[in-house]
Amino acid sequence: MTQDEMKRDAAWAALQFISKDSIVGVGTGSTVDHFINALASIKDKVRGAVSSSVQSTVKLQQLGITVLDLNDITELSIYVDGADEINAQKQMIKGGGAALTREKIVAAVAKTFVCIVDSSKQVELLGRFPLPIEVIPMASSYVSRELQKLGARPILRQGVITDNGNLIIDAHNLLISDALVLEQQLNNIVGVVTNGLFARRAADIVLIGSTNGTQVIK
């Protein structure tokens, strides 16, 4: 089974957690693309979706799924998204697709966060994948200097502007032993919009696609 097939299996397995007449939060990325395809197969059973990115919005609409504004709804029962890394505590690094801020907002609103990944995303210690940090453009140099003080090697992601009009700095060489503390520490740097650590809002359910099928971790 290829990595893409493992992603697809995990994505389709998420349908079991979608309730009838619900509004579904939808993340961003290659695994989520499979989930959007899966969601289209039951689009008549859901009220619509809240999207975390322009990319996902376009695909949802192309498949005939109603996209709703998060400000227009009072509750969100479920959010389905992937991760760049995930540990045993269901804490994640996200933001490889530069949609981390909107992903974090939708995840915060949702009652249940279902993370869909293939087995290659499982790690013991977060940080091998560079940690994305969304920053206000005028603060990028300052934020980079502050990251260096924390032992990181900051690299501005070239040619990338987020859906919010900001920049992404990827923090390399961070081995993250306490994700909760670091998440707050980074958010306290002036000019940081948010960072790609999902520790305070970790996943509730993880679906891991592997060569032996999809494992469900609650």
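Here the structure is a predicted model, which is why all the values come from computation and not from measurement. (Residues numbered from 1 in each chain as written. Predicted model: local features only at pLDDT ≥ 70, side-chain atom pairs only at ≥ 80, totals over all residues. Heavy atoms only, no water.)

K.L.:
Explain the side chain of arginine 201 here, please?
P.N.:
Tracing the backbone through its elements, the reader meets arginine 201 in the loop between β11 (197-198) and β12 (205-210). Since its relative accessible area comes to 18%, arginine 201 is described here as buried. A polar atom in the side chain of arginine 201 sits 2.9 Å from the side chain of aspartate 204. Excluding anything up to four places from it in sequence, arginine 201 contacts Met92, Ala107, Ala108, Ala110, Lys111, Thr112 and Phe113. (Helix = DSSP H or I, 4+ residues; strand = E, 2+ residues; numbered from the N terminus. Buried < 20%, exposed > 50% of the residue type's maximum accessible area, 1.4 Å probe, protein only. Polar contact = N/O pair within 3.5 Å; in protein donor to acceptor, adjacent residues only side chain to side chain. Contact = heavy atoms within 4.5 Å.)

K.L.:
When you look at the sheet that holds strand β9 (residues 167-172) in this model, what are you seeing that I'm missing?
P.N.:
Strand pairing within a sheet occurs via backbone hydrogen bonds; the two strands may be parallel or antiparallel. As summarised here, the arrangement of the four strands in space is β8-β9-β7-β10, forming an open sheet in which the pairing is antiparallel. Only two strands of the sheet have a single partner each, and these edge strands are β8 (153-156) and β10 (192-195). Each strand of the sheet is rotated relative to its neighbour by a mean of 30°, with strand direction disregarded. In terms of strand pairing, strand β7 (residues 131-135) meets β10 through three bridges, oriented antiparallel. (Pairing = 2+ DSSP bridges. Axes fitted to C-alpha atoms, helices over the stretch in contact; angles between N-to-C directions.)

K.L.:
Please clarify how the pattern of salt bridges should be interpreted in this entry.
P.N.:
Charged atoms that come close allow side chains of opposite charge to pair. For the coordinates displayed, the defined rule picks out ten salt bridges. Residues aspartate 9 and arginine 8 are paired through a salt bridge, measuring 3.9 Å at the closest nitrogen-oxygen approach. Aspartate 9 sits in the partly exposed class, given a relative accessible area of 27%. Of the residues examined, arginine 8 reaches a relative accessible area of 37% and is grouped as partly exposed. Each member of the salt-bridge network shares a partner with another, and the members are Asp81, Lys94 and Glu103. (Salt bridge = Lys/Arg side-chain N within 4 Å of Asp/Glu carboxyl O.)

K.L.:
Looking at this model, I keep getting lost on the layout of surface pockets. Mind explaining?
P.N.:
Rolling a probe over the atoms, with the probe sized like a water molecule, indicates the empty space that remains. If you add up the space inside the largest pocket, you get close to 280 Å³. In this structure, the largest pocket is lined by 22 residues; those nearest its centre are Thr28, Gly29, Ser30, Ala83 and Asp84. Class assignment for the residues of the lining of the largest pocket results in six nonpolar, ten polar and six charged. Looking at the second largest pocket, it is lined by 13 residues, and the ones nearest its centre are Val50, Ser51, Leu70, Arg102 and Val106. When contributions to the lining of the second largest pocket are tallied by element, the ones reaching two or more residues are β2 (48-51) and α4 (100-109). Here the lining of the second largest pocket takes three residues from α4, the largest share from any one element. Grouping the constituent residues of the lining of the second largest pocket by class yields six nonpolar, five polar and two charged. (1 Å grid on protein atoms, 1.4 Å probe; cavity = no way out; pocket = protein on both sides within 12 Å on 5 of 7 lines; lining within 4 Å. Points joined across faces, edges and corners; volume = space filled by probe spheres on them. Nonpolar A, V, L, I, M, F, W, Y, C, P; charged D, E, K, R; others polar.)

K.L.:
I keep staring at empty space enclosed by the protein and nothing clicks. Help me out?
P.N.:
Applying the stated criterion across every chain, the model contains one cavity of 30 Å³ or more. Roughly 30 Å³ of internal volume is contained in the largest cavity. Counted by class, the lining of the largest cavity contains two nonpolar, three polar and three charged residues.

K.L.:
Quick question: what am I supposed to make of the pairing of β12 here?
P.N.:
For a regular strand, side chains alternate in direction, first toward one face of the sheet and then toward the other. For β12, a buried count of six out of six residues is recorded, marking the element as mostly surrounded by other parts of the structure. A two-sided burial pattern is seen for β12, the buried positions comprising Ile205, Leu207 and Gly209 on one face and Val206, Ile208 and Ser210 on the other. Strand direction decides the pairing type here: strand β6 (residues 110-118) and β12, joined by five bridges, are parallel. Residue pairing in the sheet places aspartate 118 in a bridge with glycine 209 of β12. With five bridges connecting them, β12 and strand β13 (residues 213-217) associate as antiparallel partners.

K.L.:
Any chance you could explain the side chain of lysine 90 here in plain terms?
P.N.:
Residue placement: lysine 90 occurs in the loop between β4 (85-86) and β5 (92-93). Among buried Asp, Glu, Lys and Arg side chains, lysine 90 stands out as unpaired, with aspartate 204 the closest opposite charge at 7.7 Å. (Lys, Arg positive; Asp, Glu negative; His and termini not counted.)

K.L.:
Explain the packing of helix α1 (residues 3-13) against helix α2 (residues 30-40) here, please?
P.N.:
Packed helices, taken two at a time, are described by the angle between their axes plus the distance between the axes. Interhelical geometry of α1 versus α2 gives an angle of 45° and a closest axis separation of 8 Å. The angle between α1 and α2 falls in the class oblique. Viewed along their axes, α1 and α2 form a crossing whose handedness is right-handed. For the pair formed by α1 and α2, the contact residues are Asp4, Lys7, Arg8, Ala11 and Trp12 on the first element and Ser30, Thr31, His34, Phe35, Asn37 and Ala38 on the second. (Parallel < 35°, antiparallel > 145°, perpendicular 65-115°, else oblique. Left-handed = near helix turned anticlockwise from the far one by under 90°.)

K.L.:
Explain the nonpolar core to me, please; I cannot follow it from the model alone.
P.N.:
Among soluble globular proteins, nonpolar side chains are generally buried collectively. Membership of the largest hydrophobic core comes to 25 residues, with the highest contact counts inside it found for Ile18, Val26, Phe35, Leu39 and Ile116. For this core, the elements supplying multiple residues, two or more each, are α1, β1 (23-26), α2, β3 (76-81), β6 and β12. Ranked by the residues each element gives to this core, the list is headed by α2, at six residues. What valine 26 contacts, discounting residues up to four positions off in sequence, is Val32, Phe35, Ile36, Leu39, Ala49, Val50, Ser51, Ser52, Leu60, Tyr79 and Val80. One finds Ile169, Leu174, Ile176 and Leu197 within the second-largest nonpolar core, a separate group that totals 22 residues. (Core = buried A, V, L, I, M, F, W, Y, C linked by side-chain atoms within 4.5 Å.)

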